[in-house]
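Report on the structure
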Amino acid sequence: MTSTHTVLHDPQGRIEAELPLDREAHQRLVTAVLGWSGDPGLHEGEYQQIALQLTAAARAVADDVRRTADRLPADHPARILAEHILDEAGRRLSKALQGTADCVQCRARLCRALYGRLDRLTEVAASCPAV
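Residues numbered from 1 in each chain as written. Predicted model: local features only at pLDDT ≥ 70, side-chain atom pairs only at ≥ 80, totals over all residues. Heavy atoms only, no water.

The name recorded for the protein chain in an unreviewed UniProt entry is ATP/maltotriose-dependent transcriptional regulator MalT, from Streptomyces demainii.

So, in structure tokens, the structure goes:
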């Protein structure tokens, strides 16, 4: 059997950096999850699936935050704050997923915070001279 898939080696993440985030879909999911009042009564596997989607979104946004922060001078306050936020995001993302509403909502809050940081960094980077 022959494979129709091509494996790309992109250690610098250049291809991924050029792919746009599916922000609208991510934000709809975040809004839906954070809109839950109490436990919506999903099965553990459903919570885990949603948490996986939010984890992938958070990692993708964190990568964009990193790339945008890297465009700022090393001593720029926005870059220093972004690095701190990325460290915290890394700690939160390293925690094992649980099949609970709390876990899913934690991932949703992280996505929302990372998108907020990305927006602020993008504004700062646009007004800053390139490094």
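The subject of this paragraph is the overall build of the protein chain. A count of helical and extended segments in the protein chain gives five helices and zero strands. Mapped from its N terminus to its C terminus, the protein chain presents α and β elements in the order α-α-α-α-α. Evaluated residue by residue, the protein chain yields a buried proportion of 32% over its 131 residues. Across the protein chain, contacts joining residues at least 24 apart in sequence account for 73% of those joining residues at least 6 apart. (Helix = DSSP H or I, 4+ residues; strand = E, 2+ residues; numbered from the N terminus. Buried < 20%, exposed > 50% of the residue type's maximum accessible area, 1.4 Å probe, protein only. Contact = heavy atoms within 4.5 Å.)

So, about the packing of aromatic side chains. Tallied over the entire structure, the rule returns one aromatic pair. Ring centres of W36 and Y47 lie 6.0 Å apart, and the angle between their planes is 75 degrees; on these two criteria the pair is classed as edge-to-face. Placement of W36 in the loop between helix 2 (23-34) and helix 3 (44-69) and of Y47 in helix 3 is noted, with a sequence separation of eleven residues between them. (Phe/Tyr/Trp six-rings, centres within 6.5 Å; stacked < 30°, edge-to-face > 60°.)

For helix 4 (residues 77-94), spanning 18 residues, the distance from its first C-alpha to its last is 26 Å, which sits close to the expected 26 Å at 1.5 Å a residue. Among the residues of helix 4, A78, R79, A82, L86, A89 and L93 are the ones counted as buried. Along helix 4, the residues classed as buried sweep out an arc of 85 degrees about the axis, all on the same side. Opposite the packed face of helix 4, turned more than 90 degrees from it, sit the exposed residues P77 and S94. The inward-facing, buried residues of helix 4 abut helix 3 and helix 5 (101-127). (Expected span 1.5 Å × (residues − 1). Arc of directions from axis to C-beta.)

We now examine the nonpolar core. Membership of the largest hydrophobic core comes to 29 residues, with the highest contact counts inside it found for L54, V65, V104, L114 and L121. Within the residue set of this core, elements represented by two or more residues are helix 2, helix 3, helix 4 and helix 5. Each residue touching V104, except ones within four places of it in the same chain, is listed here: V33, W36, Y47, I50, A51 and L54. (Core = buried A, V, L, I, M, F, W, Y, C linked by side-chain atoms within 4.5 Å.)

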